[in-house]
Amino acid sequence: MHHVKYKRSPVRRLLGMLLFHSPKSSVSGREIIGYDAFPICENCHHNNYGRSDRPNSVHHTKVWKQLGGLDNHNVPALAWRLRFKFWFWVVVLRSGRFFFSLFRKAK
């Protein structure tokens, strides 16, 4: 699981309140999945004390800003790419499950 940003923006505070999450700093267990935190593979999440030298890692020095504490975050372009990919796969998998159920034999 990867957290793109720990501090909550006003938009995430509103989303959090609507989803019954407290509007404080976001730390594991208080994220909005698909907006704050994303499931990614171990190779993509390569992390050595908050940094990575692998270009495809979300902790690579070009895409992860290490400012200390709860101010660490990904650059906006990568954060939005992760959000898009997450919701794209949610829609694809849900649609596939729906279409599969249409062709399943009724019992």
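For the structure, check the block above.
Residues numbered from 1 in each chain as written. Predicted model: local features only at pLDDT ≥ 70, side-chain atom pairs only at ≥ 80, totals over all residues. Heavy atoms only, no water.

The secondary structure content of the protein chain amounts to two helices and four strands. In sequence order, the secondary structure elements of the protein chain are arranged as β-α-β-β-β-α. A burial count over the protein chain gives 28% of its 107 residues as buried. Within the protein chain, counting contacts between residues at least 6 apart in sequence, those at least 24 apart form 44% of the total. Counting every atom, the protein chain has about 7900 Å² of accessible surface; 64% of that belongs to carbon and sulfur. (Helix = DSSP H or I, 4+ residues; strand = E, 2+ residues; numbered from the N terminus. Buried < 20%, exposed > 50% of the residue type's maximum accessible area, 1.4 Å probe, protein only. Contact = heavy atoms within 4.5 Å. Areas by Shrake-Rupley, 256 points an atom, 1.4 Å probe, with all protein chains shown as cover.)

With that out of the way, let us pick up the packing of aromatic side chains. Tallying each qualifying case throughout the model produces five aromatic pairs. Look at phenylalanine 86 and tryptophan 87: their rings are 5.0 Å apart centre to centre, the planes differ by 90°, and that puts the pair in the edge-to-face class. Residue tryptophan 87 is classed as partly exposed on the basis of its relative accessible area of 44%. The interplanar angle of 80° and the centroid separation of 5.2 Å between the aromatic rings of phenylalanine 88 and tryptophan 89 together place this pair among those described as edge-to-face. (Phe/Tyr/Trp six-rings, centres within 6.5 Å; stacked < 30°, edge-to-face > 60°.)

As a further point, take a nonpolar patch on the surface. Taken together, the side chains of Val11, Leu14, Leu15, Met17, Leu18 and Leu19 define a hydrophobic patch exposed on the protein surface, amounting to about 560 Å² of accessible area. Mapped onto the elements of the fold, leucine 19 is located in the loop between α1 (10–18) and β2 (37–38). Looking at leucine 19, the relative accessible area reads 46%, which means it is partly exposed. (Patch = residues over 30% accessible without salt bridge, like charges linked within 9 Å, V, L, I, M, F, W, Y side chains within 5 Å. Salt bridge = Lys/Arg side-chain N within 4 Å of Asp/Glu carboxyl O.)

One recurring pattern in soluble globular proteins is that nonpolar side chains are buried together. Core analysis: the biggest nonpolar cluster contains eight residues, these being Val4, Phe38, Val58, Val75, Leu78, Ala79, Leu82 and Phe86. Ranked by the residues each element gives to this core, the list is headed by helix α2 (residues 76–103), at four residues. Ignoring any residue separated from it by four or fewer positions in sequence, one finds phenylalanine 86 in contact with Ile33, Gly34, Phe38 and Pro39. (Core = buried A, V, L, I, M, F, W, Y, C linked by side-chain atoms within 4.5 Å.)

Let's shift gears to α2. Here α2 spans 41 Å end to end across 28 residues, near enough to the 40 Å set by a 1.5 Å rise per residue. For α2, the complete set of buried residues consists of Leu78, Ala79, Leu82, Arg83 and Phe86. Among the structural elements, β1 (2–3), β2 and β4 (73–74) are those in contact with the buried residues of α2. (Expected span 1.5 Å × (residues − 1).)

With respect to the helices and strands, serine 57 occurs in the loop between β2 and β3 (64–65). Residue serine 57 is classed as buried on the basis of its relative accessible area, which comes to 2%. Polar side-chain contacts of serine 57 include one of 3.1 Å to the backbone nitrogen of histidine 59. Excluding residues that lie within four positions of it along the chain, serine 57 makes contacts with Asn43, Cys44, His45, His46, Ser52 and Val63. (Polar contact = N/O pair within 3.5 Å; in protein donor to acceptor, adjacent residues only side chain to side chain.)

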